[in-house]
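Here is what each chain is made of, one letter per residue.
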Amino acid sequence: MVDKKKSSNKRRDDNSYFAISRRRKQRFMLIIIPIAVAVIAIAVVSAVMYSTQQHSSNNSNYGAVGSAHEHAAFAIKINGKQIDFSQPKYQLQSRLIHVEGGDGTTLHRHATGVPFQEFLKSVNMNIMNGCFASDDGKQYCNNAENKLRFFINGNETDSVNNYVINPNDRILVIYGNENADQINQELDALQRAKIKAT
């Protein structure tokens, strides 16, 4: 009998206004706390990413974002295959110099003094010591069979790293064993590439 009385009191307590309010509050907190944690985590990650991008973009040799707006066509070909910069992983990786709008052949420079190398760094690529390093970690270096070559507006040059693009420039980076005729075909194709000035 005593057990029934305790059980009856417990049920009454469970159905009381305060017990119901307490359960509602607990359910509400179970929903709100994870949402709040997720929002805070997203804010922290965004702040870190923005800070990192700002830090990498704040080179004192470059003008402020918006101090220029130039467009050039470019291509990077490795062993006969052109890198497709229209892929999302390459789009808008720097505020200073980038490809955008799903286009992979028009380079946009938005600050004065920003060289081609800054674009390569933004897409995790590099040219150094006769080697082209792609974003997948592979290196393509000068050797007896293949050569890394650079062309600006049809003229071969020793490097494109420090070159600051001008309106309607054409930049070709090519690695392989192409002969003069094949190089000229690549340069002609690049000359025909449409520059999307937006």
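An account of the accompanying structure is given in this report. (Residues numbered from 1 in each chain as written. Predicted model: local features only at pLDDT ≥ 70, side-chain atom pairs only at ≥ 80, totals over all residues. Heavy atoms only, no water.)

1. As for the sheet that holds strand 5 (residues 126–128)
Which entries qualify depends on this criterion: Only strands joined by at least two bridges in the DSSP assignment are considered to pair. In this text, helices come from DSSP runs of H or I with a minimum length of four residues, and strands from runs of E with a minimum of two, each type numbered from the N-terminal end. Note on geometry: axes are lines fitted to C-alpha atoms, helical ones only across the stretch in contact, with angles between N-to-C directions running from 0 to 180 degrees.
Pairing within the open sheet is antiparallel, and its three strands lie in the order 5-6-7. Each edge of the open sheet is held by one strand with a lone partner, namely strand 5 and strand 7 (139–141). Direction aside, neighbouring strands of the sheet carry axes that sit 15° apart on average. Looking at chain direction, strand 6 (residues 131–133) and strand 7 are connected through three bridges and run antiparallel.

2. So, a nonpolar patch on the surface
The cut-off we apply is this: Patches here are clusters of residues that have more than 30% relative accessible area and form no salt bridge, with a 9 Å joining cutoff for like charges and a 5 Å cutoff for nonpolar side chains (Val, Leu, Ile, Met, Phe, Trp, Tyr). Method for areas: the Shrake-Rupley scheme with a 1.4 Å probe, in which residue coverage is limited to the protein chains shown. We count a salt bridge whenever a side-chain nitrogen from Lys or Arg sits within 4 Å of a carboxyl oxygen from Asp or Glu.
A cluster of nonpolar side chains, contributed by Phe-28, Met-29, Ile-31, Ile-32, Ile-33, Ile-35, Val-37 and Val-39, occupies part of the molecular surface with about 720 Å² of accessible area. Mapped onto the elements, Val-37 comes out in helix 2 (residues 17–57).

3. Quick look at the environment of Ile-78
Under the convention used in this document: Each residue is assigned to one of three classes by its accessible area relative to the maximum for its type, calculated with a 1.4 Å probe on protein chains only: buried under 20%, partly exposed between the two thresholds, exposed over 50%. Residue contacts follow a heavy-atom distance rule, with two residues in contact if any of their heavy atoms lie within 4.5 Å.
With respect to the element layout, Ile-78 can be found in strand 1 (residues 70–78). Accessibility expressed as a relative area gives 10% for Ile-78, which makes it buried. Spatially, the C-alpha atom of Ile-78 lies 7.9 Å from that of Tyr-140, the residues being 62 residues apart in sequence. With residues up to four places along the chain from it excluded, the contact list for Ile-78 reads Ile-83, Phe-132, Tyr-140 and Tyr-175.

4. Side note on the packing of aromatic side chains
Where we set the bar: Stacked, edge-to-face and tilted labels apply to pairs of Phe, Tyr and Trp rings (six-membered ring for Trp) whose centres lie within 6.5 Å, assigned for plane angles under 30 degrees, over 60, and everything in between, in that order.
A full pass over the atoms with the stated rule returns seven aromatic pairs. In textbook terms, an aromatic cluster arises when at least three aromatic residues are bridged by ring pairs, as seen for Phe-74, Phe-85, Tyr-90, Phe-116 and Phe-119.

5. Considerations on the nonpolar core
The cut-off we apply is this: Remark: nonpolar core denotes a set of buried residues (Ala, Val, Leu, Ile, Met, Phe, Trp, Tyr, Cys) joined through side-chain atoms within 4.5 Å.
With 30 residues, the main nonpolar core has Phe-74, Ile-76, Phe-85, Phe-116, Phe-119 and Phe-132 as its most contacted residues. For this core, the secondary-structure elements that each account for two or more residues are strand 1, helix 3 (116–122), strand 8 (147–152) and strand 10 (170–176). Considering every element that reaches this core, the biggest residue donor is strand 1, with four residues. Those residues in contact with Phe-74 that sit more than four places away from it in its chain are Phe-85, Val-99, Gly-104, Thr-105, Thr-106, Leu-107, Phe-116, Phe-119, Ile-171 and Leu-190.

None of the figures reported here should be taken as evidence of function without further support.
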